[in-house]
Amino acid sequence: MNEQNVDHEAVLEKAAEWKAAGRGVALATVVATWGSSPRPVGSQLVVEEGGDFVGSVSGGCIEGAVVTEARQTIQDGQTRLIDYGISDETAWQVGLACGGKCEVFIEPLV
Amino acid sequence: MKSDILKQLLADRAAKRQVVMATDLASGEGQLLYPGEPHDETDDGDDELLFAARRVMLADKSGIVEIADGADGRKVFLHVYNPPLRMLIVGAVHIAQPLSQMAVLAGYDVAIVDPRREFASRDRFPGITLIDAWPDDGVDQFAPDRRTAIVTLTHDPKLDDPALIKVLRSDAFYIGCLGSNRTHAKRLERLGMEGFSQADFARINGPIGLDIGGKSPAEIAVSIIAEITQALRRPKQAQTAE
């Protein structure tokens, strides 16, 4: 009844589109959060084999690391369950600056 | 995730069907569950999972559940895909223009009811569902549920009141009415004569919007979206703020 698209990123639609185009695709989903995690449980990011991605699983803090893991998943077909924890000075690149924690599940689209 | 499951999930979402995607976090196996629909009683395999799915669906809160499976439990992620929140705006007035756009950005399926065609024109509301009907019929057509917010903007009793009389008998999680304190007091007086009680009045946010001093239509729309968000996400705080 509506012409509106409420899911701005249309992550799942993009996953299906990339898959249909014959590309390797992985889906990353936030499955748990603790503390002040920026994106709620259920937030998703889809990655294609070349490293293009749509969606988000944090405020930009861990997307880079998740994309790297997701590309591994596309190659080896293995699911991954990864904790991203509180950052400190030495590990801030893959931490959450807000001090929150989240768990991300990465799976191939097969 | 298997491609055929993804296709089904996309079809369900397009059809605005309530669906829960269950994914075993160890094996990666996924399945779609429809806990809001009557299920086949002979299929007694995964009642515990279906029960958990119903709980997270009603709470609109995705999360991990532990499902007993023989000696050990298995961790299953339940991803709730509820249909979009909905908003019905009564009155295709100026504030409805920014409000409807902001509501779309905030994730609502929006419809506007106004029998005055010069107001409810396609040029003024591109992409928004327009219901050309009297507001009470419009409310019937829209069929508000507990994931619906209703906003009346005409502050004209002959348009707002028939809508409110219908809306107060629905499960809408938010009801807000534009108009000054004086207008609102008169509105409650009229609704009282229709047989509505103090408990009904308490459901109505009037004057509408959080008190942030908004002046322009867009600023007032921000205060309305903010108040609806509070009613949705922090219902207790929203009540005590009254």
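This one's a predicted model, so the numbers in the text were calculated from it and none came from an experiment.

S.K.: Before we move on, could you go through the nonpolar core and cite the residues and values that matter?
M.R.: Residues and elements named next belong to chain B. Ranked by internal contacts, the top residues of the largest apolar core, which has 28 residues, are Met87, Leu99, Val151, Leu153 and Ile224. Listing elements by their share of this core, those giving two or more residues are strand S5 (85-90), helix H3 (96-105), strand S6 (108-113), strand S8 (148-152) and helix H8 (217-233). Residue contributions to this core peak at six residues, all from H8. In contact with Val151, not counting residues within four places along its chain, are Met87, Leu88, Ile89, Val90, Leu99, Tyr174, Gly176, Ile208, Ile224 and Ile228.

S.K.: Now, about the pairing of strand S1 (residues 19-24) of chain B: what can you tell me, with residues and values included?
M.R.: Residue and element names in this part refer to chain B. Across the six residues that make up S1, a large majority, six, are buried. Of the strand pairs in this sheet, S1 and strand S4 (residues 72-81) are connected by six bridges, and their pairing is antiparallel. When the bridges of S4 are listed, Met21 appears paired with His79. Of the pairings in the sheet, the one linking S1 to strand S2 (residues 30-33) comprises four bridges and is antiparallel in character. In the sheet register, Val20 faces S2, and the bridge partner there is Leu33. Counting the residues between successive antiparallel strands, the hairpin from S1 to S2 contains five residues, one of them, Gly28, with a positive phi of roughly 80°.

S.K.: Which residues make up the interface of chain B and chain A, and what are the values?
M.R.: Counting from both sides, the interface comprises 30 residues of chain B and, opposite them, 28 residues of chain A. Summed over both partners, the interface of chain B with chain A buries about 2300 Å², with 59% contributed by carbon and sulfur atoms. Summed over the shared surface of chain B and chain A, the number is zero salt bridges. Taken together, the links from chain B to chain A amount to six residue pairs in polar contact (both at pLDDT 80 or more). Within the residue set of the side of chain B that touches chain A, elements represented by two or more residues are helix H1 (3-14), S1, strand S3 (63-69), S4, H3 and S6 of chain B. By residue class, the composition of the side of chain B that touches chain A is 16 nonpolar, nine polar and five charged.

Rules of the game
- Residues numbered from 1 in each chain as written.
- Chains lettered and ligands numbered in written order.
- Predicted model: local features only at pLDDT ≥ 70, side-chain atom pairs only at ≥ 80, totals over all residues.
- Heavy atoms only, no water.
- Core = buried A, V, L, I, M, F, W, Y, C linked by side-chain atoms within 4.5 Å.
- Buried < 20%, exposed > 50% of the residue type's maximum accessible area, 1.4 Å probe, protein only.
- Helix = DSSP H or I, 4+ residues; strand = E, 2+ residues; numbered from the N terminus.
- Contact = heavy atoms within 4.5 Å.
- Pairing = 2+ DSSP bridges.
- Buried area = accessible area lost by both parts, 1.4 Å probe.
- Salt bridge = Lys/Arg side-chain N within 4 Å of Asp/Glu carboxyl O.
- Polar contact = N/O pair within 3.5 Å; in protein donor to acceptor, adjacent residues only side chain to side chain.
- Nonpolar A, V, L, I, M, F, W, Y, C, P; charged D, E, K, R; others polar.

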